[in-house]
2 protein chains.
Amino acid sequence: MKNKQVTIKDLARKLRLSVSTVSRALRNLPDINEETRRKVLELAAGLNYEPNYIAQSLINKQTRTIGVIVPIIATHFFSHALSGMNEVANEHGYHLMFCQSNESAEQEAEGIRQLASCRIDGLLISVSKQTQDAAPFEKLQQKGIPFMFFDRDLRHVTASRVIVDQYKGAFKAVEHMIQQGCQNIVHMAGPKGLSVADERLRGYKDAVEKHGLPFSPKHIVHCGKFQLDAPEAIKKLMKLQPDGIFCINDPSGVIAIQHLKTTGYCVPGDVKVVGFNGDPVAEVVEPALSTVVQPGYKVGREALKMLIRHIEEKSLETEELVLEGKLVIRKSSKMC
Amino acid sequence: MKNKQVTIKDLARKLRLSVSTVSRALRNLPDINEETRRKVLELAAGLNYEPNYIAQSLINKQTRTIGVIVPIIATHFFSHALSGMNEVANEHGYHLMFCQSNESAEQEAEGIRQLASCRIDGLLISVSKQTQDAAPFEKLQQKGIPFMFFDRDLRHVTASRVIVDQYKGAFKAVEHMIQQGCQNIVHMAGPKGLSVADERLRGYKDAVEKHGLPFSPKHIVHCGKFQLDAPEAIKKLMKLQPDGIFCINDPSGVIAIQHLKTTGYCVPGDVKVVGFNGDPVAEVVEPALSTVVQPGYKVGREALKMLIRHIEEKSLETEELVLEGKLVIRKSSKMC
DNA sequence: CTGTTAGCGCGTTCAA
DNA sequence: TTGAACGCGCTAACAG
């Protein structure tokens, strides 16, 4: 039943040639008679010959496979990033091997180990919320496996990265709220230590301070798992009687809006809300949620392009590409 | 700079043993002195030895890698399915290689070709909206590469599959609408020929007929790209003055609700709406959209589990697992 | 218990 | 222009 793959050896036998001649013909190397090449190519096509990439990899020491680790696939941003990577991979003849860390540093380290032992040519990673330890990345460096961060990175690790300017996005968003009349803006923040969350917080704080709005540590509440923590976070934040809530992402923005509505507040009349990401739910909630749209697809594309370039040029320099999110203003933050 | 990986040969040299002895020690085979095994294992750990899976694959003829092809990753259902597969893959020591067809039969065929030439051990696929041709799958069969469908399948291709009972889900949904008082239900359908869309349509039609509700070909409008076609489809359907719209999925259900509201209808008062899938937007839209939640994560898990079983048992029988969606009733379809 | 030999499918010398 | 021989890292068969 098992249909053995035809090998270069089979071709050689049928043509009474040596394997090395066949190999040369197949790879379009010079130093070969046009006539023999034609014959080889013809038979190869006829017999449906396909090179064994495994065998080639064993020699080349390259697999044309890139590993990708994301915290959670089922996310608007990361699924779009993967989609972008998929396209670039196709364009350049690479394959993608993926792994999900489930926001766990442990699973992430295990994923890195697994993928690295597969002899991938490079690794693209967006770290989990927990990740602090640089050790797994140092091991990659020792092994000589090129890797890069995309979106969520570890600041203190020397590596290339493609990120989105979270600081600027947050700053723009908060400044917009101020322009719309907010005088007291609070921030439902993400987990401490996560690069993107820290940057958004920094952007929020700078915008608030630049415009002389009130600020205190109480203006910020951190959420680990926002689906769980958000409701309580909002209650805490509302004690400050804010007229604006800047949320770490869109799902939490949606929760905020829903909570405000059920507790008798008017959005945007009493309180304006802005989220972050560009999730589909932001467009659907009522009032529609203003947000900073992250270019997930583009992040994926650019990250893989950069990594492939580094791999193929054997470049050791680190590079950093910073993209920008786009503030999309909807009803939830408009003056009325 | 390049840190050469330590090989079994290096271990052998340092221990003055033969490579085969080392190999046996490493693999915990019998016929080996406990003392030597200990030494080998110790040195291997000390030198950070890692087996070269490429070389092993060349011999075993197995890569412990599964290919996955999905129409669109950035989708609630498929991203959750991938997530489920990722978990099972980890549990069983497999890797996942993925590829997106972008709903194009051509890209899908190319993806199959690409993955197959990578010497994957098996393939999991959910077909594109366009796919009709069975040829790519026959080639897989010839090559002896086990493959399976999940969710969207090609009915006339003999292969195992893990699917969700779309017929039953649609039937339940429409029957629920009838119970809530609908007398004239129309259907915003998916593309013709797509297995899941056809089944949902069948379920809709049977439920309507069972209860003696009016039905005509005009009660159904097909959408290819629902984001584009939905608005027009709704206009057409509304000419029949329905009091219920059963939508092919949640995004189109959301569009329906929004359209109805802006044209002066009350949902669910005048018209009840039910979607399909369980996308997050369904919970957020107002009124919240009733839907049939598809167990995407479980489909992914079960599909990969089944495929791995088939691979490891070299089973040739085809198997079919049918899961069920769950009707979740929200405001958009409640009697009032 | 251990080592020798052969080979997986292919690429890379080097002679011929 | 072609072919023989060797090696990639590892496993498998057999002999010792």
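Residues numbered from 1 in each chain as written. Chains lettered and ligands numbered in written order. Predicted model: local features only at pLDDT ≥ 70, side-chain atom pairs only at ≥ 80, totals over all residues. Heavy atoms only, no water.

Looking at an unreviewed UniProt entry, one finds chain A named LacI family transcriptional regulator and attributed to Chitinophaga agrisoli.

So, about the overall build of chain A. The helix and strand inventory of chain A stands at 13 helices and 12 strands. For chain A, the C-alpha radius of gyration of 26 Å lies well beyond 20 Å, the compact-globule estimate for 336 residues. For the C-alpha atoms alone, the extent of chain A along its principal axes is close to 85 × 40 × 35 Å. Expressed as a percentage of contacts within chain A between residues at least 6 apart in sequence, the contacts between residues at least 24 apart total 71%. Roughly 15400 Å² of accessible area belongs to chain A as shown, and the carbon and sulfur atoms make up 52% of that amount. (Helix = DSSP H or I, 4+ residues; strand = E, 2+ residues; numbered from the N terminus. Rg over C-alpha atoms; globule rule 2.2 N^0.38 Å. Contact = heavy atoms within 4.5 Å. Areas by Shrake-Rupley, 256 points an atom, 1.4 Å probe, with all protein chains shown as cover.)

In this section: the nonpolar core. Nonpolar side chains tend to gather and get buried jointly when the protein is soluble and globular. Membership of the largest hydrophobic core comes to 54 residues, with the highest contact counts inside it found for Leu124 and Phe150 of chain A together with Leu124 and Phe150 of chain B. Apart from residues lying up to four places away in sequence, Phe150 of chain A is in contact with Val68, Ile69, Val70, Phe78, Ala81, Met85, Leu124, Ile125, Ser126, Val162, Val299 and Ala303 of chain A. Listed in part, the 48 residues of the second largest apolar core include Cys223, Ile245 and Leu289 of chain A together with Val221 of chain B. (Core = buried A, V, L, I, M, F, W, Y, C linked by side-chain atoms within 4.5 Å. Buried < 20%, exposed > 50% of the residue type's maximum accessible area, 1.4 Å probe, protein only.)

Another point: the protein's contact with DNA strand C. Lining the immediate surroundings of DNA strand C are 25 residues, of which Ile8, Arg27, Tyr49 and Ile59 of chain A together with Thr21 of chain B lie closest. The sugar-phosphate backbone supplies 70% of the atoms of DNA strand C found within 4 Å of the protein. Measuring from a phosphate oxygen of DNA strand C, one finds a side-chain N or O atom of Thr36 of chain B at 3.0 Å. At the level of elements, helix H1 (8-15), helix H2 (19-26) and helix H4 (53-60) of chain A together with helix H2 (19-26) and helix H4 (53-60) of chain B are the ones that each hand at least two residues to the surface near DNA strand C. Looking at side-chain class alone, the surface near DNA strand C contains 9 nonpolar, 10 polar and 6 charged residues. (Near = heavy atom within 4 Å. Polar contact = N/O pair within 3.5 Å; in protein donor to acceptor, adjacent residues only side chain to side chain. Nonpolar A, V, L, I, M, F, W, Y, C, P; charged D, E, K, R; others polar.)

With that out of the way, let us pick up the packing of helix H1 (residues 8-15) of chain B against helix H3 (residues 34-46) of chain B. Residues and elements named next belong to chain B. Contact geometry for H1 and H3: axes closest at 10 Å, N-to-C directions at 120 degrees. Overall, the two elements H1 and H3 adopt an arrangement that is oblique. The chirality of how H1 crosses H3 is right-handed. Residues Leu11, Lys14 and Leu15 of H1 form the contact with H3, whose participating residues are Lys39, Val40, Leu43 and Ala44. Partitioned by chemical class, the residues of the contact of H1 with H3 number 5 nonpolar, no polar and 2 charged. (Axes fitted to C-alpha atoms, helices over the stretch in contact; angles between N-to-C directions. Parallel < 35°, antiparallel > 145°, perpendicular 65-115°, else oblique. Left-handed = near helix turned anticlockwise from the far one by under 90°.)

Every one of the 25 residues lining DNA strand D counts as a neighbour, but Thr21 of chain A together with Ile8, Ser23, Arg27 and Tyr49 of chain B are closest to it. Take the atoms of DNA strand D that sit within 4 Å of the protein: sugar and phosphate atoms are 72% of them. Asn33 of chain A is positioned such that a nitrogen or oxygen atom in its backbone is 3.0 Å from a phosphate oxygen of DNA strand D. Asn52 of chain B places a polar main-chain atom, nitrogen or oxygen, 3.1 Å from a phosphate oxygen of DNA strand D.

Before going further, it helps to spend a moment on the interface of chain B and chain A. Listed by partner, the interface residues are 42 residues for chain B and 42 residues for chain A. A combined buried area of about 4300 Å² lies between chain B and chain A, and 58% of that area is made up of carbon and sulfur atoms. Sorting the residues of chain B by area buried against chain A places Ile54, Phe98 and Arg119 of chain B first, and these three jointly supply 16% of that buried surface. Note that Lys261 of chain A and Glu286 of chain B form a salt bridge whose closest N and O atoms lie 2.4 Å from each other. There are 10 residue pairs in polar contact (both at pLDDT 80 or more) connecting chain B and chain A. Considering each element in turn, the side of chain B that touches chain A owes the most residues, 6 residues, to strand E2 (residues 95-100) of chain B. Its residues assigned to classes, the side of chain B that touches chain A comprises 19 nonpolar, 16 polar and 7 charged. (Buried area = accessible area lost by both parts, 1.4 Å probe. Salt bridge = Lys/Arg side-chain N within 4 Å of Asp/Glu carboxyl O.)

Next up on the list: the packing of aromatic side chains. Residue and element names in this part refer to chain A. By the definition in use, this model includes 17 aromatic pairs over all chains. An aromatic cluster is defined as three or more aromatic residues linked by ring pairs; in this entry it consists of Phe77, Phe78 and Phe150. Positioned above the aromatic ring of Tyr94 is the side chain of Arg64, whose terminal nitrogen or guanidinium carbon lies 4.4 Å from the ring centre. (Phe/Tyr/Trp six-rings, centres within 6.5 Å; stacked < 30°, edge-to-face > 60°. Lys NZ or Arg CZ within 6 Å of the ring centre and 35° of its normal.)

The next subject is the state of the cysteines. Residues and elements named next belong to chain A. Applying the stated rule across the entire model yields 0 disulfides over all chains. There is no disulfide at Cys99, and the cysteine sulfur nearest it, in Cys118, is 10 Å away. The class for Cys99 is buried, based on a relative accessible area of 7%. Cys223 takes part in no disulfide bond, and the closest cysteine sulfur, belonging to Cys247, lies 8.7 Å away. For Cys223, a relative accessible area of 2% translates into the label buried. (Disulfide = S-S within 2.5 Å.)

This next bit is on the side chain of Thr65 of chain B. Among the structural elements, Thr65 of chain B can be located in strand E1 (residues 65-70). When near neighbours in sequence (up to four residues on either side) are disregarded, Thr65 of chain B contacts Met97 of chain A together with Tyr94, His95, Met97, Ile120, Asp121 and Gly122 of chain B.

Another point: unusual backbone geometry. Glycine aside, residues mostly have negative phi, and peptide bonds are mostly found in the trans state. Cis geometry is found at the peptide bond from Val267 of chain B to Pro268 of chain B, where omega equals 5 degrees. Residue Pro287 of chain B follows Glu286 of chain B across a cis peptide bond; omega there is -5 degrees. Even without being glycine, Arg16 of chain A reaches a positive phi, approximately 50 degrees. Within the secondary structure layout, Arg16 of chain A lies in the loop between H1 and H2. When its relative accessible area of 78% is taken as the criterion, Arg16 of chain A is described as exposed.

On to the pattern of salt bridges. Considering all chains together, one arrives at 38 salt bridges over all chains under this definition. For the salt bridge of Arg37 of chain A with Glu34 of chain A, the shortest nitrogen-to-oxygen distance reads 3.0 Å. A residue pair is termed a helical-turn pair when its members lie 3 or 4 positions apart in one helix, as Arg37 of chain A and Glu34 of chain A do in helix H3 (residues 34-46) at 3 residues. A residue is classified by how much of its surface remains accessible, and Glu34 of chain A, at 53% relative accessible area, is exposed. A salt bridge links Arg155 of chain B to Asp153 of chain B; the nearest nitrogen and oxygen atoms lie 3.2 Å apart. Among the residues examined, Asp153 of chain B registers a relative accessible area of 4% and is labelled buried.

Residue and element names in this part refer to chain A. Within strand E5 (residues 160-164), 5 of the 5 residues are buried, which leaves the element mostly enclosed by the surrounding structure. Because side chains alternate across E5, one face comprises the buried residues Ser160, Val162 and Val164, and the other comprises Arg161 and Ile163, equally buried. Note: strand E4 (residues 147-150) against E5, 3 bridges, orientation parallel. In the sheet register, Met148 faces E5, and the bridge partner there is Ser160. Relative to strand E11 (residues 320-323), E5 is paired through 4 bridges, and the arrangement is parallel. Bridge assignment links Ile163 to a residue of E11, and that residue is Val322. (Pairing = 2+ DSSP bridges.)

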